[in-house]
Amino acid sequence: MILGVALDGPSPAVVAVGDGTPPSGAVRACVAVDLDGMPRAPVAAIRVGGPCPPVLRPVADPGVATIVRGGHSLTGRPLAPLDTDAVREFAAGCGLIDFAVTATGSPMLADHELAVAAIIAAEVPAARITLSYEFGRPGLREREAHAIRNAALGPEAGRVADRVARELPGVPLFFARSGSGLVSAHYFRRYPRACDRGGTTSLRRGRAALATADPAPFEVIESGGAGDDLLVAAYGAALARPEAQVERIVQARGRAELDRALQDARDEALTRVVSAGAAPGFARIAETIVNPLSYLPDGFYRVRVTAEGATP
């Protein structure tokens, strides 16, 4: 049995959906929640790259931001050595624990983001660190915005996960992603940005499923005064499966190098989907998209791999 849970107020709406197991069998809870409007933590944003006009500087509101020297081009060419002293000074002096790190060229080569993370962890042992390369977007400002928002939502995502765990003690928790699929509570705490619009997506999925259903497909366990839409969102969340994505820029001189790069991306996607809650033996690659990058020299590709799986 699967429990669908929708959060949109002080009391969650909970529905029960059969999955072929007997009522005494394993139960898991799939949560639909939108994070828009929830409190955001102040973020210390670090951009690794060159100087830029004030209008293009990183924005962390609330929070503080800085630019330090370093980074790579999208072809992986070093632009400047990483200014480790500037990173260390900012991390130690900003007074915050939620960090977002974005380096130029990191979808191709993430070395400077990883180096900054190591410095932050040494200076601020309690730091929670988001690295922009994990979101895969090639555009610097888009990737940076994702990283800052992820860092800002982290503390509230933790409180949401704790709240559901108190309501459903001992039940494995999963959270609906914004586009499709589910992630584990651990993944949700680490990457809440992936679940920004989980409630809206679940509502859409639930409506589509109900449009083709004949008998009532779920049993209401707790309405909490919820309207029909909140119950439908809970149902929609229960229909999803664990999913994770990897997006990278890769360089390949010929088909053999491209095949190796694709296999690396697929392996990483499978690792991620297991982290997102899929049973290791039931994870699979659902989609691989490869696009040559016309604005870079021949041999550069944007790769996006989606993996999905079943819950244990």
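The structure we're discussing is the one just above.
Predicted model, so just to flag it, every value in this text is computed and none were measured.

The subject of this paragraph is the pairing of strand β7 (residues 128–131). As paired elements, strand β6 (residues 98–103) and β7 share four bridges and run parallel to each other. Residue V101 lies in a different strand from β7, and its bridge partner there is L131. Crossover handedness for the path β6 to helix α2 (residues 111–123) to β7: right-handed.

Right, let's get into the packing of aromatic side chains. Under the counting rule described, the total for this entry stands at four aromatic pairs. Aromatic side chains F135 and Y191 sit 6.5 Å apart centroid to centroid with 85° between the ring planes, which places their arrangement in the edge-to-face category. On the criterion of sequence distance, the pair formed by F135 in the loop between β7 and α3 (140–167) and Y191 in the loop between α4 (185–190) and α5 (198–210) is long-range, its members being 56 residues apart. Per residue, the accessibility class of F135 equals that of Y191, and both read buried. With a centroid separation of 4.8 Å and 50° between ring planes, the pair formed by Y187 and Y191 is classed as tilted. Take Y187 and Y191: they sit in the same class, and that class is buried. Put simply, the rings of F135, Y187 and Y191 touch in pairs and so form one group of aromatic residues.

For α3, with 28 residues, the first-to-last C-alpha span of 40 Å sits near the 40 Å given by 1.5 Å per residue. At G154, α3 shows its maximal kink, close to 45°; a proline, P155, follows between one and four residues later.

Take the environment of A147 next. Tracing the sequence through the fold places A147 in helix α3. Judged by its relative accessible area of 0%, A147 is buried. On a C-alpha basis, the gap between A147 and A100 in space is 5.5 Å, while along the polypeptide they are 47 residues apart. Each residue touching A147, except ones within four places of it in the same chain, is listed here: A100, T102, T130, S132 and F135.

Before going further, it helps to examine the sheet that holds strand β1 (residues 2–6). Within the open sheet, the six strands sit side by side as β9-β8-β3-β1-β2-β10. Their pairing is mixed. Strand pairing shows two members of the sheet lacking a second neighbour, β9 (182–184) and β10 (219–222), which therefore form its edges. Along the sheet, successive strands turn relative to each other by an average axial angle of 30°, direction set aside. In the sheet, β1 pairs with strand β3 (residues 28–32) via five bridges, with the strands oriented parallel. Each bridged residue has a counterpart across the sheet, and for G4 the counterpart in β3 is C30.

On to the sheet that holds strand β12 (residues 284–292). Strand order across the open sheet formed by three strands is β11-β13-β12, with antiparallel pairing between neighbours. Edge positions in the sheet fall to β11 (243–251) and β12, since each has one partner strand and no second. On average, each strand axis in the sheet is tilted by 15° relative to the strand beside it, whichever way the strands run. Of the strand pairs in this sheet, β11 and strand β13 (residues 300–308) are connected by nine bridges, and their pairing is antiparallel. Pairing of A244 across the sheet is with A307, part of β13. Lying on the sheet, helix α7 (residues 255–275) is in contact with β11, β12 and β13; it crosses β11 at an angle near 155°.

Attention now goes to the pattern of salt bridges. Evaluated as defined, the whole model comprises 18 salt bridges. The salt bridge involving R47 is made with E144; its shortest N-O contact spans 2.8 Å. Highlighted residues: R47 in strand β4 (residues 43–48) and E144 in helix α3, separated in sequence by 97 residues. Taking the relative accessible area as the measure of exposure, R47 reaches 4% and is therefore buried.

Thresholds applied
- Residues numbered from 1 in each chain as written.
- Predicted model: local features only at pLDDT ≥ 70, side-chain atom pairs only at ≥ 80, totals over all residues.
- Heavy atoms only, no water.
- Pairing = 2+ DSSP bridges.
- Helix = DSSP H or I, 4+ residues; strand = E, 2+ residues; numbered from the N terminus.
- Right-handed = clockwise from strand over helix to strand, strands pointing away.
- Phe/Tyr/Trp six-rings, centres within 6.5 Å; stacked < 30°, edge-to-face > 60°.
- Buried < 20%, exposed > 50% of the residue type's maximum accessible area, 1.4 Å probe, protein only.
- Expected span 1.5 Å × (residues − 1).
- Bend = angle between axes of the 7 residues up to and from the residue.
- Contact = heavy atoms within 4.5 Å.
- Axes fitted to C-alpha atoms, helices over the stretch in contact; angles between N-to-C directions.
- Salt bridge = Lys/Arg side-chain N within 4 Å of Asp/Glu carboxyl O.

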